[in-house]
Amino acid sequence: MFYYLLKYVLLGPLLRLVFRPRIEGLERVPESGAAIVAGNHLSFSDHFLMPAILKRRITFLAKAEYFTGPGLKGRLTAFFFRSAGQIPVDRSGKEAGQAAIREGLGVLGKGELLGIYPEGTRSHDGRLYKGKVGVAVMALRAGVPVVPCAMIGTFEAQPPGKVIPNIHPVVIRFGEPLDFSRYAGMEHEKAVLRAITDEIMYAILTLSEQEYVDEYAGVVKAREAQEAERSKGGKGRRFPRAPRS
C-alpha cells in the first residue's frame, strides 16, 4: 500500500517535477507476467525514477547497507527502501551472488517485474561496465524475457556523492524484450551465461550510447582507489636530512 502512496502521492510527482523524464518505449514492458528489466545504473535516483514511471510495480535488488544503518535514521531508511519495493541483498562473501539469485527468482515466481542492474554497482564515471551473469541465470531459470533499459541524464542530474539533484533532462528508454528460451536448461553453461549477459549489455549500450568498458565496475573502482591512495602517499614526502658530521 505504501508503495503506491509513494508512487502516486509522495515521491512520484516530485520526481517527475524535478527530472521531467521523457519516456521512450514504455509499451515494450509486458503489461502482465514475470519479466526482468535490466538497466544501466548511473545514479542513486535510478532506484526511484523507474518505479515512478512504470505502470506496474517493480522490485529491485538493493545492497544490504541501505537496510542496516544504525539508530532512528537507519530504521527510517530501511522502511523507506522496503516500501519503495527494494529487497536487501548482502553483496559480501561467496554466497552473495546466490542470495541475489534466490531473491530475484522469488519475485519472478510471483509473476512480478524484477529490476536489476547487471553491472552490480553504480557507474562512478558515467561509462557502461561489463555485466555480471546473475541476470542470465535468473532469465533462464525463470524462463522470462529481459527488457533492456537505459537511464540517460541521471548521472549529470545526480552524480555520485551529490545529495540534492541538479535540474537536468532525463530520458528513460526501453528496448525490445529479449527472449532466451533457445538456451533453456543451459543455465550451468558458463559460455552460455556470458553470451546472454553480453547480449543484454549490448542492448543497453545501444539504447544508452555510453562508452563501454569490458571490465567489472567494482574492479575498476578498486584499482583507481588504490592508484589514488598511492599517488596521495607520494605527495609531500621529504627525504630525511643527512646527519651532521
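Rules used in this analysis
Residues numbered from 1 in each chain as written. Predicted model: local features only at pLDDT ≥ 70, side-chain atom pairs only at ≥ 80, totals over all residues. Heavy atoms only, no water. Helix = DSSP H or I, 4+ residues; strand = E, 2+ residues; numbered from the N terminus. Buried < 20%, exposed > 50% of the residue type's maximum accessible area, 1.4 Å probe, protein only. Contact = heavy atoms within 4.5 Å. Areas by Shrake-Rupley, 256 points an atom, 1.4 Å probe, with all protein chains shown as cover. Core = buried A, V, L, I, M, F, W, Y, C linked by side-chain atoms within 4.5 Å. Pairing = 2+ DSSP bridges. Axes fitted to C-alpha atoms, helices over the stretch in contact; angles between N-to-C directions.

> I would appreciate a short explanation of the overall build of the protein chain in the present structure.
A tally of helices and strands in the protein chain yields nine helices and nine strands. A burial count over the protein chain gives 45% of its 245 residues as buried. Residue pairs at least 24 apart in sequence account for 78% of intrachain contacts in the protein chain once pairs closer than 6 positions are excluded. Carbon and sulfur atoms make up 57% of the accessible area of the protein chain, which totals about 13600 Å².

> What exactly am I supposed to notice about the nonpolar core here?
Across soluble globular proteins, nonpolar side chains show a tendency to be buried alongside one another. Ranked by internal contacts, the top residues of the largest apolar core, which has 31 residues, are Ile36 and Ile200. No other element matches the eight residues that helix H8 (residues 190-208) contributes to this core. Ranked by size, the runner-up nonpolar core spans 29 residues in total, among them Leu15, Tyr117, Met151 and Ala157.

> So what exactly am I meant to see when it comes to the pairing of strand E3 (residues 58-63) here?
Successive residues of a regular strand alternate their side chains across the two faces of the sheet. Burial runs high along E3: five of the six residues are buried. Note: E3 against strand E4 (residues 86-89), four bridges, orientation parallel. Across the sheet, the residue bridging to lysine 63 is valine 89, located in E4.

> Honestly, the pairing of strand E2 (residues 35-39) in this entry has me stumped. Any pointers?
Of all the five residues making up E2, five are buried; the element is thus mostly covered by neighbouring parts of the structure. Along E2, one buried face is formed by Ala35, Val37 and Gly39 and the opposite face, lined by Ile36 and Ala38, is buried too. Examined bridge by bridge, E2 and strand E5 (residues 113-116) share four bridges and lie parallel to one another. Counted as the bridge partner of alanine 38 is isoleucine 116 from E5.

> In this structure, what is going on with the sheet that holds strand E7 (residues 146-152)? I would like to understand it.
One key point about sheets: their strands pair by backbone hydrogen bonds, in either a parallel or an antiparallel sense. Spatially, seven strands are ordered E1-E8-E7-E2-E5-E3-E4 in an open sheet, and the strand pairing comes out mixed. Each edge of the open sheet carries a strand with a single partner, namely strand E1 (22-24) and E4. Sheet twist, expressed as the mean angle between neighbouring strand axes with direction ignored, is 25 degrees. As defined by bridge partners, E3 adjoins E5 across three bridges and the pair is classed as parallel. Bridged to threonine 59 within E5 is leucine 114.

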